[in-house]
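Observations on chain architecture
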Amino acid sequence: MTLLKQALARAYKYQMYFLGVSGFVIAGLAVTYGVQTEDTVAALGALLFLPNAVVLLGIGLREQGLIGNLSPSGSNPE
């Protein structure tokens, strides 16, 4: 397997993390822009990215088994 294919496979595995982190970066840059240009609407509108980023990170963490329980009933499958 080539280095590019390995990198793409690893990136696909962590795609929810990438989307969540990129949401935080976009929101941070947009809030910074809004504050620097004294555009309150842009700064507050950019904050709407944050809940989406949190949800995407939560989904990624849950898929990796780092938080929560994946059983539908919420009980331990043992």
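What you see is a predicted model, and the numbers here were worked out from it, not measured in a lab. (Residues numbered from 1 in each chain as written. Predicted model: local features only at pLDDT ≥ 70, side-chain atom pairs only at ≥ 80, totals over all residues. Heavy atoms only, no water.)

1. Some remarks on the overall build of the chain
- Within the chain, the regular secondary structure consists of four helices and zero strands.
- What you see in the chain, going N to C, is helices and strands ordered as α-α-α-α.
- Per-residue burial over the chain gives 15% buried out of 78 residues.
- A separation threshold of at least 6 residues defines the contact pool for the chain, and within that pool the share at least 24 residues apart is 55%. (Helix = DSSP H or I, 4+ residues; strand = E, 2+ residues; numbered from the N terminus. Buried < 20%, exposed > 50% of the residue type's maximum accessible area, 1.4 Å probe, protein only. Contact = heavy atoms within 4.5 Å.)

2. Points about the environment of Thr 2
- Checked against the element boundaries, Thr 2 lands in the segment before helix H1 (3-13).
- When its relative accessible area of 44% is taken as the criterion, Thr 2 is described as partly exposed.
- Of the polar contacts made by the side chain of Thr 2, one reaches the backbone nitrogen of Lys 5; its length is 3.3 Å. (Polar contact = N/O pair within 3.5 Å; in protein donor to acceptor, adjacent residues only side chain to side chain.)

3. A few points about the UniProt feature "transmembrane region" (unreviewed entry) in the chain
- In the numbering used here, UniProt assigns the feature "transmembrane region" (unreviewed entry) to residues 16-35 and 41-61.
- A distance of 28 Å separates the end C-alpha atoms of residues 16-35, which is 100% helix and 0% strand. (UniProt positions renumbered as here; feature names shortened; annotations may be inferred.)

4. A closer look at unusual backbone geometry
- Phi is positive for Glu 38, close to 55°, though the residue is something other than glycine.
- Tracing the chain through its elements places Glu 38 in the loop between helix H2 (15-36) and helix H3 (40-46).
- Given the relative accessible area of 72%, Glu 38 is considered exposed.

5. Quick notes on helix H4 (residues 49-63)
- In this model, H4 (15 residues) spans 21 Å end to end at C-alpha, consistent with the 21 Å of a helix rising 1.5 Å per residue.
- Along H4, the residues that are buried comprise Ala 53, Leu 56 and Gly 60. Take H4 and look down its axis: the buried residues cluster within an arc of 65°, on one side only.
- Of the surrounding secondary structure, the elements contacted by the buried residues of H4 are H2.
- Looking one or two residues beyond H4, the residue adopting positive phi is Gly 65, at roughly 80°. (Expected span 1.5 Å × (residues − 1). Arc of directions from axis to C-beta.)

6. Regarding the environment of Met 16
- Note on placement: Met 16 falls in helix H2.
- For Met 16, a relative accessible area of 19% translates into the label buried.
- Here the alpha-carbon distance between Met 16 and Leu 61, two residues 45 residues apart in the chain, equals 8.3 Å.
- Residues in contact with Met 16, not counting those within four places in the same chain, are Leu 56, Leu 57, Ile 59, Gly 60 and Glu 63.

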